[in-house]
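# Structural overview
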Amino acid sequence: MELRQLRYFLAVAEELHFGRAADRLHIVQSAVSQQLRRLERELGTELFARSTRAVRITEAGNRLLPYAREMLALQKHAREAIEELSAEHAATVRLGTSSGLGARLDAVLTAFAQHAGHPQLELVTGSTEQRLAQVQAGDLDAALLRGERSEPGLEFLPLWQDALVAALPAGHELTSRETVALVQLAELPLRLSPRSRNPALHDLVMRSCRAAGYAPVLGPEFTNDQDTLAAIGHGKPSWTVFYAPHTDQLSVPGVAFRPLSGPAPVIRTYLAVQNGPPRAALRTLIEACYEAVASARA
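If you're wondering where the values come from, they're calculated on a predicted model, not measured in any experiment.

Our focus in this paragraph is the packing of helix α5 (residues 103–113) against helix α10 (residues 280–297). At their nearest, the axes of α5 and α10 sit 8 Å apart, and the two run at 125° to each other. Here α5 is positioned oblique relative to α10, judged by the angle of their axes. The interaxial crossing formed by α5 with α10 has right-handed handedness. Facing α5, whose interface residues are R104, A107, V108, A111 and F112, α10 presents A281, T284, L285, A288, C289, E291, A292 and A296. The residue inventory of the contact of α5 with α10, partitioned by class, reads 10 nonpolar, one polar and two charged.

Below, the discussion takes up the pattern of salt bridges. On inspection of all chains with the given rule, the structure shows 15 salt bridges. With its nearest N and O atoms 3.6 Å apart, the salt bridge here joins E15 to R20. Taking relative accessible area as the criterion, R20 reaches 42% and is therefore assigned partly exposed. Taking the shortest distance from any N to any O, the salt bridge between D141 and R279 comes out at 3.1 Å. Placement of D141 in the loop between α6 (128–137) and β5 (142–146) and of R279 in the loop between β10 (266–274) and α10 is noted, with a sequence separation of 138 residues between them.

Okay, α5 next. For α5, the complete set of buried residues consists of R104, L105, V108, A111 and F112. Projection of α5 onto a plane perpendicular to its axis shows the buried side chains occupying an angular sector of 125°, all on one side. Turning to α5, the residues buried within the fold contact β3 (93–97), β4 (121–125), β5, β6 (154–169), α9 (244–247) and α10.

Here we come to the side chain of R104. Following the sequence through the fold, R104 ends up in helix α5. For R104, a relative accessible area of 16% puts it in the buried group. There is a polar contact of 3.0 Å between the side chain of R104 and the backbone oxygen of Q161. A distance of 2.8 Å separates the side chain of R104 from the side chain of D162, its partner in a polar contact. Once residues lying within four places of it in the same chain are set aside, the contact partners of R104 are W160, Q161, D162, P245 and A296.

A word on the packing of helix α1 (residues 3–15) against helix α3 (residues 29–43). In helix packing, the relevant descriptors are the interaxial angle and the interaxial distance, both defined with respect to the helix axes. At a closest axis distance of 9 Å, the pairing of α1 and α3 adopts a crossing angle of 110°. Relative to α3, the element α1 lies roughly perpendicular. Seen from α1, the contacting residues are R4, Q5, Y8, F9 and V12; seen from α3, they are A31, V32, Q35, L36, R38, L39 and E42.

Conventions we followed
- Residues numbered from 1 in each chain as written.
- Predicted model: local features only at pLDDT ≥ 70, side-chain atom pairs only at ≥ 80, totals over all residues.
- Heavy atoms only, no water.
- Axes fitted to C-alpha atoms, helices over the stretch in contact; angles between N-to-C directions.
- Helix = DSSP H or I, 4+ residues; strand = E, 2+ residues; numbered from the N terminus.
- Parallel < 35°, antiparallel > 145°, perpendicular 65-115°, else oblique.
- Left-handed = near helix turned anticlockwise from the far one by under 90°.
- Contact = heavy atoms within 4.5 Å.
- Nonpolar A, V, L, I, M, F, W, Y, C, P; charged D, E, K, R; others polar.
- Salt bridge = Lys/Arg side-chain N within 4 Å of Asp/Glu carboxyl O.
- Buried < 20%, exposed > 50% of the residue type's maximum accessible area, 1.4 Å probe, protein only.
- Arc of directions from axis to C-beta.
- Polar contact = N/O pair within 3.5 Å; in protein donor to acceptor, adjacent residues only side chain to side chain.

Structure representation (structure tokens):
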């Protein structure tokens, strides 16, 4: 029993006329008759009583009719489900990103691109608050951010951890060391983003300095990478912090980067998504993020 035969059977049952059924199906009448004869032979009974003037559905045909409708409806729903999945895969995924991701973001993009049939990925920048608000509103599918948060309607999937490194004047005596202890920076002015702009980073640095036994001397605020690094490399001695993956993309004359210790501050990155089951395209992005985490561990 073929779905095609059931489709022909249903058309004739509803039209009670082979010619009109053939027109509805956009095929020749002989093809309809031929397929229905094959179906009747397979079932061992007549589905229609035919005469030169009329076509009448038999008792066997009436018994088959609801099952034919059900099977054709199931085929329609199955096709729609696959088409919906294909549409989801073809859709654009909008990801909010933050600065300083460096090789981490490259790893996510590479993993995302390796899956055949993936949707397009659009990267959107903005402040942490802007990106979270856009995820809540559905304007972004997800957002990468550092530091643990709690927001209504959002789920935060933990990803990788990054160490902070110190950016120092290249000529400073501390750059002769492979690792700089935080306590050794106690007297050097710290250029730090205000808490309103980056609460997770600000709190981590202040907490780490207190754990090292001091409150840092705050110098001018961190404005942007270029200006802040230029001031450190060529102005009065000061220091700041960068995420370790970011430093691989920075090469600034007069500035040296050194790992921190005592304690060694680290910060986790999260993927913020809406609560509930993700659509197929977003699942692909989540899997790409987890692949990036596994690749970094390996």
